[in-house]
Structures are given as structure tokens and as C-alpha cells.
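Notes for the structure review
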Amino acid sequence: MLEWLMQAGVASLMLKVVYDICHPRSQALCAGATTGFASDVDGADNVIGKLTKALDRMSKLRQEERQGRIRAEKQLKQAKQPSRAAKQSTPTSLQQGYWMDEVAVVESPFHDRRGTPRQPQLAPSIPGFIRFRSKFQPRDSLKGLSEYSHLWVTFVFHSNTNMHRANSSAVMACKAMVQPPALRGQKVGCFACRSPHRPNAIGLSLVKLVAVHADGIAIAGHDLLDGTPVLDVKPYLPHVEAIVDAQLPSWVERPERLSLEPAVWMPAALASLATLQPQEHGKVQSQISELLSFDIRGAKQREASSDVVNELNYNDLRIEYEMEASHAVVTNVVTRAPSIENS
């Protein structure tokens, strides 16, 4: 609605500016006055200048409205989350739902969704840490876990902007039909794909266990954002969970479809990375190249022009790259600015 009003406001302002300029001139012409070609040009330039300023002002208002809406959704989500005391005093029932307490929080180099792998194991060397809350006694509750090589991590899609709708019994928290990127505009049911927008915003990732510590678990090969709430971890059992002949739809993107040749780094990008990461630039370069060994762009981005500059955020870095037919070209590395999602 606001966008429509803004567009209507621009149109109204355009008509007013044209009228303000042209109406006096029409009167002058009727009175027998004449104007030269130069004054016509000046008048046209004046119209264009005013319209340009008006459009800039409307664009700024639209961006401020979008940022305000995202912040308002986050505040509403936080306001609707019951307090810890309320959780403890409220009985569990089918009518009121089941309270889940986060057992841990993820520490990850992915601070927003740009550049985050769509599935775990696509970038096997990307590190992460699952830090447990002390009330769950990780020193004891994690004993024996180090004998496994992989874990199932159950978590919350906490960056979804529709989370505030989940507490309403009258409104479904997401759409029943969604558009997976691989289907390029076609829809399937939300339970027939891995979309993060689900009635219960719960995710499941299979990650590599690197080490068990007194306060948490070092992991690798994950697809988890920094700050992700963890509800549970369970050992992966290949003899009962690995199904080699499992069936899946033809549209599901297999890794080999998205795989690319090794990324190419421009000299300026390498120099910037060495300046920003003097101690670990080699390791960071390897990890970023691993992320870019697959086409991590969305379907719409893939259809855009090849000279479009794409971005991914990794730790405190923003990586700018372009896509060639068979590989990514890293063009620049700069310090990452805080994103709207984390502001």
C-alpha cells in the first residue's frame, strides 16, 4: 500500500511541477508574450531537476520504510516470545504448543544468508562451533559424543522475518505453496522441499564433528548462520540412516549440477585479503574458494547478466565476485558492513 501511495505521490508531484511551470507560460503566450528556445531548455532542465529530486526522495523513503518494516518484524517477534518465567509456569498441552529451550548457540562465519551454503557438506572445511548453555552441563552431557564422526543438528531458522506469525493460531506462519529456487517460479508444497519458511521454523543439518570441548562442539561442513539457536544434537548412524537408493524428484538440485571450476582471484582481491587477514589469508582464501566451487546464487541471480557483481559475506569480510560461464572471478575483498538483518 505504501509503495502504491509513493508511486501516486511521484505522479502527482510530476503533474504539479509541469503545471507550475507551464501554466504561467500559457498565460504569457495568450497575452502575446514570446519565449526563446533557450528559456524552453532552461524550463525543461528545471522540470527534470525537480522530478529527479522527487524520485530520489521517494526512493529514500521506500528504503527507510523497508528497513523500518524489517526492524518492526524483528521487534514484534521478540515481543511475542514469552519470557523464561512464563515458559516455566505454563503447562505443556496440544492447545498451547510445546515449549522448546535452546540448548546451544552456533558461532559461524556466516552472518547473513548471502553466501551461506544451501545445504550442509557442500563446503566441508567451513568451521563452526556449537556453544552449549551451562545449564545443560556440556562437560557431562557431551561425554561419549567424540566417538562419532557426524551429527544431526536440530535448529531454529531465527532469521526468518515471518517468525512473529507463528504464535497466531488463526494464521499459518508461511505459505502452503512455495517456490524453491531450482523450480524457477513453479511451486510445490512447503513440506515437499527444504525451504526455511515452514509452519514451525525448524531446520535439520548433518555436520562433521571435529572435536568435543568442555563447553561445546567444533564442527565443519555446515550451513548455519551465526547466532542460530540449537534445539538438539544427535549422533549420525550411517547403518540405519544412509539410504543409497533413496528416490527424489528430478528438479532437486544435485551438487554436480551446481559445481564449478576453481575460482579465479584477481590480484587486487588477493592483495586486499592479505591486508585484511595478514595471519590467515591463505586459509581464508581456500575456504572462500570452496564456497565458490558451487554456484551459490539464487535462480533470479543466475538469470541476470554475467557482468553483475555478486556478494557473499564471510566473517568480517565482504567478497565481491562475478560469474563466468564455468567459474567465479573474485574481484574485490573489503570489510563487511553490518547487515540490516543483524542491526
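Just above, that's the structure.
Residues numbered from 1 in each chain as written. Predicted model: local features only at pLDDT ≥ 70, side-chain atom pairs only at ≥ 80, totals over all residues. Heavy atoms only, no water.

Focus: the overall build of the chain
For the chain, the count of helices and strands is nine helices and twelve strands. Within the chain, the fraction of its 343 residues that count as buried is 33%. A sequence separation of at least 24 residues applies to 70% of the contacts in the chain between residues at least 6 apart. For the chain, the exposed surface amounts to about 20800 Å²; the carbon and sulfur share of it is 56%. (Helix = DSSP H or I, 4+ residues; strand = E, 2+ residues; numbered from the N terminus. Buried < 20%, exposed > 50% of the residue type's maximum accessible area, 1.4 Å probe, protein only. Contact = heavy atoms within 4.5 Å. Areas by Shrake-Rupley, 256 points an atom, 1.4 Å probe, with all protein chains shown as cover.)

Re the packing of helix 7 (residues 267-276) against helix 8 (residues 281-291)
A pair of packed helices is captured by two measures, namely the crossing angle of their axes and the spacing between those axes. Closest axis-to-axis distance for the helix 7/helix 8 pair is 9 Å, and the angle between their directions is 125°. Here helix 7 is positioned oblique relative to helix 8, judged by the angle of their axes. Crossing angle aside, the handedness with which helix 7 passes helix 8 is right-handed. Packed against helix 7, whose contacting residues are Leu270, Leu273 and Ala274, the element helix 8 presents His281, Val284 and Gln285 at the interface. (Axes fitted to C-alpha atoms, helices over the stretch in contact; angles between N-to-C directions. Parallel < 35°, antiparallel > 145°, perpendicular 65-115°, else oblique. Left-handed = near helix turned anticlockwise from the far one by under 90°.)

So, the sheet that holds strand 7 (residues 216-220)
In space, the six strands of this closed barrel follow the order 1-2-7-6-3-8, with antiparallel pairing throughout. On average, each strand axis in the sheet is inclined to that of its neighbour by 45°, with strand direction left out of account. The pairing of strand 3 (residues 150-156) with strand 8 (residues 229-235) spans five bridges and is classified as antiparallel. Residue Leu151 lies in a different strand from strand 8, and its bridge partner there is Pro235. (Pairing = 2+ DSSP bridges.)

Remarks on the environment of Asp215
Along the chain, Asp215 falls in the loop between strand 6 (202-213) and strand 7. Along the chain, Asp215 and Asp140 lie 75 residues apart, while their C-alpha atoms are 9.9 Å from each other. Dropping the residues within four chain positions of it, Asp215 is found in contact with Phe129, Ile130, Arg131, Phe132 and Pro138.

A word on the sheet that holds strand 9 (residues 264-265)
With respect to topology, four strands assemble into an open sheet ordered 9-12-11-10, the strand pairing being mixed. With partners counted over all chains shown, the strands left at the sheet margins are strand 9 and strand 10 (310-314), one partner each. Helix 7 rests against strand 9, strand 11 (317-323) and strand 12 (328-335) of the sheet, and its axis sits at about 35° to strand 12. With respect to the sheet, helix 8 is in contact with strand 9, strand 10 and strand 11, its orientation differing from that of strand 10 by roughly 130°.

Brief notes about the nonpolar core
Within the largest apolar cluster, 22 residues are counted, with the highest numbers of intra-cluster contacts made by Trp265, Leu292, Leu312, Tyr314 and Val333. Listed by contribution, the elements that provide at least two residues to this core are helix 7, helix 8, strand 10, strand 11 and strand 12. A per-element tally of this core places strand 11 first, with four residues. In this structure Trp265 touches Leu270, Leu273, Gln285, Ile288, Ser289, Val330 and Val333, once residues within four positions along its chain are discounted. (Core = buried A, V, L, I, M, F, W, Y, C linked by side-chain atoms within 4.5 Å.)

Examining unusual backbone geometry
Working note: non-glycine residues mostly have negative phi, and peptide bonds are mostly trans. Although it is not a glycine, Gln121 adopts a positive phi angle of roughly 75°. Within the secondary structure, Gln121 sits in the loop between strand 1 (104-107) and strand 2 (127-132). At Gln137, a position not held by glycine, the phi torsion is positive, near 50°. With respect to the helices and strands, Gln137 occurs in the loop between strand 2 and helix 4 (138-141).

Concerning the packing of aromatic side chains
The final tally for this structure, using the stated rule, is three aromatic pairs. Between Trp152 and Tyr236, the aromatic rings sit 5.9 Å apart at their centres with planes inclined by 70°, giving edge-to-face as the arrangement. Note that Trp152 is positioned in strand 3 and Tyr236 in the loop between strand 8 and helix 5 (238-241), a separation of 84 residues in sequence. With a centroid separation of 5.0 Å and 75° between ring planes, the pair formed by Phe155 and Phe157 is classed as edge-to-face. Assessed through its relative accessible area of 5%, Phe155 is described here as buried. (Phe/Tyr/Trp six-rings, centres within 6.5 Å; stacked < 30°, edge-to-face > 60°.)

Focus: the side chain of Glu320
Relative to the helices and strands, Glu320 is located in strand 11. Those residues within four positions of Glu320 in sequence are excluded, and the remaining contacts are Val309, Asn310, Glu311, Val329, Val330, Thr331 and Asn332.

Remarks on helix 8
Listed as buried for helix 8 are Val284, Gln287, Ile288, Ser289, Glu290 and Leu291. Buried residues along helix 8 sit against strand 2, strand 9, helix 7, strand 10 and strand 11.

Some remarks on the pattern of salt bridges
Tallied over the full model, the rule gives ten salt bridges. As a salt-bridge pair, Arg318 and Glu311 come within 3.5 Å of each other at their nearest N and O atoms. As a salt-bridge pair, Asp316 and Arg336 come within 3.8 Å of each other at their nearest N and O atoms. You can see Asp316 sitting in the loop between strand 10 and strand 11 and its partner Arg336 sitting in the segment after strand 12, a full 20 residues away along the chain. Linked by salt bridges that have partners in common, Asp101, Arg133 and Lys135 make up one network. (Salt bridge = Lys/Arg side-chain N within 4 Å of Asp/Glu carboxyl O.)

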